[in-house]
Amino acid sequence: MFLGRVSGIIGTMLPSRRYLTSFITLLLGQLQGAFARTIPVTGFLHRPICLAVKNKFELSSVQTIKWQRSNQLIVLYQNNETDSPVTIFRRYKERVTYIAENNSLLIHQVNLRDEGHYKITTILKTGTETETFINLTVLVPVSEPSITVQTDDLPHPTLTMNCTATNGSNPHFSWMKDNKTLLVDQRFQLSTENRSLGITNLTSSDCGTYICIVQNSINRVQAQQLITSEHFQECLHLQERVLVIALAVLFVTGFMVVFLAIKKYKEKQWELWSREQMSGEGDPFREDEIQNEHSQTNMSGLGDGSRSGLYTYLHFIPSSENQEDEDPSKYCNIGPPTVNPA
């Protein structure tokens, strides 16, 4: 169809050189439109993005530049030597900034409505027109996932976990158990996109914490699900064993703490006693010697007239009928008289 159109144009324009020039211009325009380049650009939701076109000509040689999306004008640049050659239309006026020097369009915060094809038309003062296309893809961060659990006891215990993320562009799902990569097992069954994890013929080894990881090129999030005896009974026996082990460890730890504390206390007491032995303090033989010396000093003071020593001996006086007639002095022995110096 295209060749037929070209043949018709050639047949009508060959008689005139002017027509031949028009034909060549039209043919170049057709070829340029057919081979117009498209630039793929990826942006992130609610983040800025710069759409730029690299031109091989100077800005002074440009007459008009138009940025369009879905046949709606975004920016119009006209080199008419005025103070404001750039016109940004109302819908984008508060959201974009146009930089004429490098023919780029800055979108401050990308949203999903900005996704699509952009057409940039450049008209030079010579009348040459070029077109460039930009295809903008907006990626959405992955939202926080959630896990639901389904169990079935017949004919064999089966457990299925479904991981769901409401938002996110091109999410990739993966699973872990107890912070370790999920081991390959015939009892584990993953869905096509790894959104669901099924476990058949459940055993106590299947109890634990399962992690669903969702990620894309923007972010990475995860959710956890603890499988306990609430989901199947095998976990109850495992929990009992874990409790017994924990109590045993706690008992041994407490015993060791008490044992070490007593040992440390005895070592400290031994150290204090050793120091006392070396310094002569607290020696019972030494104390006996001191007491003996003190006793000898008191005994020697009896023969010294300048010192007084009074010893009183008390005896019970036997009862007698003639007690009044007896001399009481024979029952009382007052020991050596005290001689005081004159």
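Bear in mind the structure is a predicted one, so any value in this text is a computation, not a measurement.

Rules used in this analysis
- In this convention, every chain numbers its residues from 1, walking through the sequence in written order.
- With the structure being a predicted model, the display of local features is reserved for residues of pLDDT at least 70 and the display and counting of side-chain atom pairs for 80 or more, all residues being used for whole-chain, interface and lining totals.
- Side-chain calculation: all heavy atoms of the structure are included, whereas hydrogens and water are not.
- In DSSP terms, a helix is any run of H or I states spanning at least four residues, a strand is any run of E spanning at least two, and both are numbered starting from the N terminus.
- Relative accessibility decides the category of a residue: with a 1.4 Å probe and only protein chains considered, values under 20% of the type maximum give buried, values over 50% give exposed, and everything between is partly exposed.
- What counts as a ring pair is set by centres within 6.5 Å for rings of Phe, Tyr and Trp (its six-membered ring), and what kind of pair is set by the plane angle: stacked under 30 degrees, edge-to-face over 60, tilted for all other angles.
- We define a salt bridge as a contact between a side-chain nitrogen of Lys or Arg and a carboxyl oxygen of Asp or Glu at a distance within 4 Å.
- Among buried residues, those of type Ala, Val, Leu, Ile, Met, Phe, Trp, Tyr and Cys that are joined through side-chain atoms within 4.5 Å constitute a nonpolar core.
- Every residue pair with non-hydrogen atoms within 4.5 Å of one another is taken to be in contact.

This brings us to the side chain of Lys 177. As for its placement among the helices and strands, Lys 177 is situated in strand β12 (residues 172-177). Since its relative accessible area comes to 16%, Lys 177 is described here as buried.

One pass over the structure, following the stated rule, counts two aromatic pairs. On the numbers, 6.4 Å between centres and 15° between planes, the contact of Phe 255 with Phe 259 is stacked. Here Phe 259 and Phe 255 lie together in helix α3 (residues 234-279), a separation of four residues that amounts to about one turn.

Turning our eyes to something else, we now look at the pattern of salt bridges. Counting across every chain of the model gives six salt bridges. The shortest N-O distance in the salt bridge between Asp 114 and Arg 95 comes to 2.5 Å. Linking Asp 114 in the loop between β7 (104-107) and β8 (116-124) with Arg 95 in the loop between β5 (86-88) and β6 (96-99), this pair joins segments that are 19 residues apart in sequence. The class for Asp 114 is buried, based on a relative accessible area of 3%. Under the relative-accessibility criterion, Arg 95 is labelled partly exposed at 21%. Between Arg 275 and Glu 271 there is a salt bridge, with the nearest N and O atoms lying 2.8 Å from each other.

Turning our eyes to something else, we now look at the nonpolar core. In this structure, Leu 51, Trp 67, Tyr 98, Ile 107, Ile 134 and Leu 136 are the most contacted members of the largest nonpolar core, which totals 25 residues. Of all the elements in the fold, those that place two or more residues in this core are β2 (49-52), β3 (62-69), β4 (72-78), β6, β7, β8 and β9 (129-139). Not counting residues up to four positions away in its chain, the partners in contact with Ile 134 are Ile 39, Val 41, Leu 51, Ala 52, Val 53, Trp 67, Gly 116, His 117, Tyr 118 and Ile 120. In this structure, Cys 163, Leu 182, Tyr 210 and Cys 235 belong to the second largest nonpolar core, which totals 22 residues.

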